[in-house]
Amino acid sequence: MKKAIVYIKLKDGVLDPQGKTIALAMGNMGYDEFRSVRSGRFFELECEDRSDLEKRIDEVCRRLLANPVVENYQVEMLS
Amino acid sequence: MKFGVVTFPGSNCDYDSYAATKFVIGCETEFLWHKSEDLAGSDAIILPGGFSYGDYLRSGAIARFSPIMKAVEKFARSGGIVIGICNGFQVLVEAGLLPGALLRNSHLRFSCKYVYLKVERTDTVFTGECRADRVLKIPIAHGDGNYYNFQGELDDLEKNNQVLFRYANRTGQVLPEANPNGSVGNIAGILNREGNVLGMMPHPERAVENILGSSDGQAIFRSIVAHFNSKPAAV
């Protein structure tokens, strides 16, 4: 088994109201040093190993896990 | 003509859509189950509002891969009439049948209220029965209705006159204060380039009788019927 971690983040320039609201709350709590927060999500995938695994992960990221119109993704392979 | 109303797990406006086209407009209407790949001879497909698959991952992202969507995509790409309302609009953008994306409302709240829509064109399948200066009073009910697209594609939408509805005030002026969710260009509904697929966040099926607060939504369904009836019968 291999493990892949997929990080999804809104592209730069796409408004992230959730991140903005979190940043606001942090400011209200006295954490003034955090200038901005961008929110995102991650997925842990447990995968059977195969020769084209990275290609398959990339494909499923594009087709399902991320919306390429507004999101970028990044894959980290753990062995 | 016959309407087909798709039911995904989590759809909740399928019965309203069914009632609108069947009982108010008076057309044959059939529910289409998400696991089917058969459109049952429908002449127009409605993808209704709701929370298909619990809005998991992103609104519409899972429903877009359901079996019925294979048939709907094929139907749409061959010129069939498809209207996606609210969650249905989200499914259409996820499926790539319409450009752009629907993000979380800029104020982060679920918005449920009447809005006014400026009708940008009256020469389309969906608005042929609207007067040129028509403003439609139709409710919205969504959390992810913030239409987004990057500048290049947005320019294309405008250039090709694909924006059909914009949030406006009562007199049809498109103003920032009339924008309920942060959508770019106050966009409430768009067409595909060919003009046979419409996605809109407001719910015309909830505004088909005066007792509901407005009957302006009828214009959209009546336009589809008028368009269909004006076509020469298929041989």
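Numbering of residues starts from 1 in every chain and runs along the sequence as written. Written order decides the labels, with chains lettered from A and ligands numbered from 1. Note on the predicted model: pLDDT of at least 70 is required for a residue's local features to be given, and 80 or more for side-chain atom pairs to be given and counted; whole-chain, interface and lining totals, by contrast, use all residues.

### Observations concerning the overall build of chain A
Under the scheme used here, helices are H or I runs from DSSP no shorter than 4 residues and strands are E runs no shorter than 2 residues, and both carry numbers assigned from the N terminus. Regarding its fold elements, chain A presents two helices and three strands. Note that the radius of gyration is over C-alpha atoms, with the globule rule given as 2.2 Å times the number of residues to the power 0.38. Scaling as 2.2 N^0.38, a compact globule of 79 residues should have a C-alpha radius of gyration of about 12 Å, whereas chain A reaches 16 Å, well beyond that. Across its three principal axes, chain A shows a C-alpha extent of roughly 50 × 25 × 15 Å. Burial analysis of chain A (79 residues in total) assigns 10% to the buried set. Put simply, a residue is buried when 20 or more other C-beta atoms lie within 10 Å of its own C-beta and exposed when 12 or fewer do; between those, it is partly exposed, and each C-beta is set from the backbone.

### As for the overall build of chain B
Scanning chain B from terminus to terminus reveals five helices and eleven strands. Projected onto its principal axes, the C-alpha coordinates of chain B cover approximately 45 × 40 × 35 Å. By the burial criterion, 52% of the 235 residues in chain B qualify as buried. Distance between backbone-placed C-beta atoms decides contact: two residues are in contact if it is within 7 Å. Nonlocal contacts in chain B, meaning residues at least 24 apart in sequence, comprise 76% of its contacts between residues at least 6 apart.

### Topic: the interface of chain A and chain B
When the parts of a complex come together, some accessible area is lost, and that lost area is often used as the size of the interface. Counting residues at the interface gives nine residues for chain A, matched by ten residues for chain B. Ranked by residue count, the leading element in the side of chain A that touches chain B is helix H1 (residues 17-28) of chain A, at three residues. Each residue gets one of three labels, nonpolar for Ala, Val, Leu, Ile, Met, Phe, Trp, Tyr, Cys and Pro, charged for Asp, Glu, Lys and Arg, and polar for the others, Gly among them. Looking at the side of chain A that touches chain B, its residues break down into six nonpolar, three polar and no charged.

### What to know about the environment of A:Phe43
All names here are of chain A. Relative to the helices and strands, Phe-43 is located in strand E2 (residues 40-47). The exposure class assigned to Phe-43 is partly exposed, which follows from the 16 C-beta atoms found within 10 Å. Distance in space between the C-alpha atoms of Phe-43 and Leu-65 is 8.5 Å, their sequence separation being 22 residues. With residues near it in sequence (within four places) discarded, Phe-43 still touches Val-6 and Leu-65.

### Section: the sheet that holds strand E3 (residues 71-78) of chain A
All names here are of chain A. Following DSSP output, two strands are said to pair if at least two bridges run between them. Reading across from one edge, E2-E1-E3 is the order of the three strands in this open sheet, with antiparallel pairing throughout. Since the sheet does not close on itself, it has two edges, and those belong to E2 and E3, each with one partner. Adjacent strand axes in the sheet meet at a mean angle of 20°, parallel and antiparallel pairs treated alike. Pairing geometry for strand E1 (residues 2-10) and E3, over eight bridges, is antiparallel. Directly across from Leu-10, in E3, lies its bridge partner Glu-71. For helices, the fitted axis covers only the stretch in contact; all axes are lines through C-alpha atoms, and the angles between them, taken along N-to-C directions, range from 0 to 180 degrees.

### A few points about the environment of B:Leu103
With respect to the helices and strands, B:Leu103 occurs in strand E5 (residues 101-103). Given 25 C-beta atoms within a 10 Å radius, B:Leu103 is considered buried. Sequence separation between B:Leu103 and B:Tyr148 is 45 residues; the distance between their C-alpha atoms is 6.8 Å. Residues in contact with B:Leu103, not counting those within four places in the same chain, are A:Val70, B:Asp144, B:Asn146 and B:Tyr148.

### Re the sheet that holds strand E10 (residues 187-191) of chain B
The pairing of strands in a sheet happens through backbone hydrogen bonds and is either parallel or antiparallel. Residues and elements named next belong to chain B. Here nine strands make up an open sheet; going across it, the order is E2-E1-E3-E4-E11-E10-E9-E6-E7 and the pairing mixed. Each edge of the open sheet carries a strand with a single partner, namely strand E2 (28-33) and strand E7 (135-142). On average, each strand axis in the sheet is inclined to that of its neighbour by 25°, with strand direction left out of account. Two strands pair when backbone bridges link them, and strand E3 (residues 44-47) and strand E4 (residues 81-85) are joined in this way by four bridges, in the parallel orientation. Paired with Ala-44 across the two strands is Ile-81, which belongs to E4. Across the sheet, helix H3 (residues 87-94) touches E3, E4 and strand E11 (197-200), and the angle it forms with E4 is around 120°.

### Focus on the nonpolar core
A set of buried residues drawn from Ala, Val, Leu, Ile, Met, Phe, Trp, Tyr and Cys, joined through C-beta atoms within 7 Å, is what defines a nonpolar core. Counting residues in hydrophobic clusters, the biggest one holds 71 residues, and the most contacted among them are B:Ile45, B:Val82, B:Leu92 and B:Leu117. Ranked by the residues each element gives to this core, the list is headed by helix H2 (residues 67-77) of chain B, at six residues.

### Some remarks on the environment of B:Ile83
Residue position: B:Ile83 is located in strand E4. Beyond its immediate sequence surroundings of up to four residues, B:Ile83 is in contact with B:Ile46, B:Phe126 and B:Leu198.

### What about the confidence of the model for chain B?
Think of pLDDT as the predictor's per-residue confidence, scored from 0 to 100. Here chain B averages 96 in pLDDT, while 98% of its residues score no lower than 70. Predicted as a complex, the structure gets a pTM of 0.94 and an ipTM equal to 0.85.

### Brief notes about H3(B)
All names here are of chain B. Across the eight residues of H3, eight count as buried, placing the element largely inside the fold. Buried within H3 are the following residues: Asn-87, Gly-88, Phe-89, Gln-90, Val-91, Leu-92, Val-93 and Glu-94. Elements that come into contact with the buried residues of H3 comprise E3, E4, E5 and E11. Positive backbone phi, at 80°, marks Gly-96, one or two positions downstream of H3.

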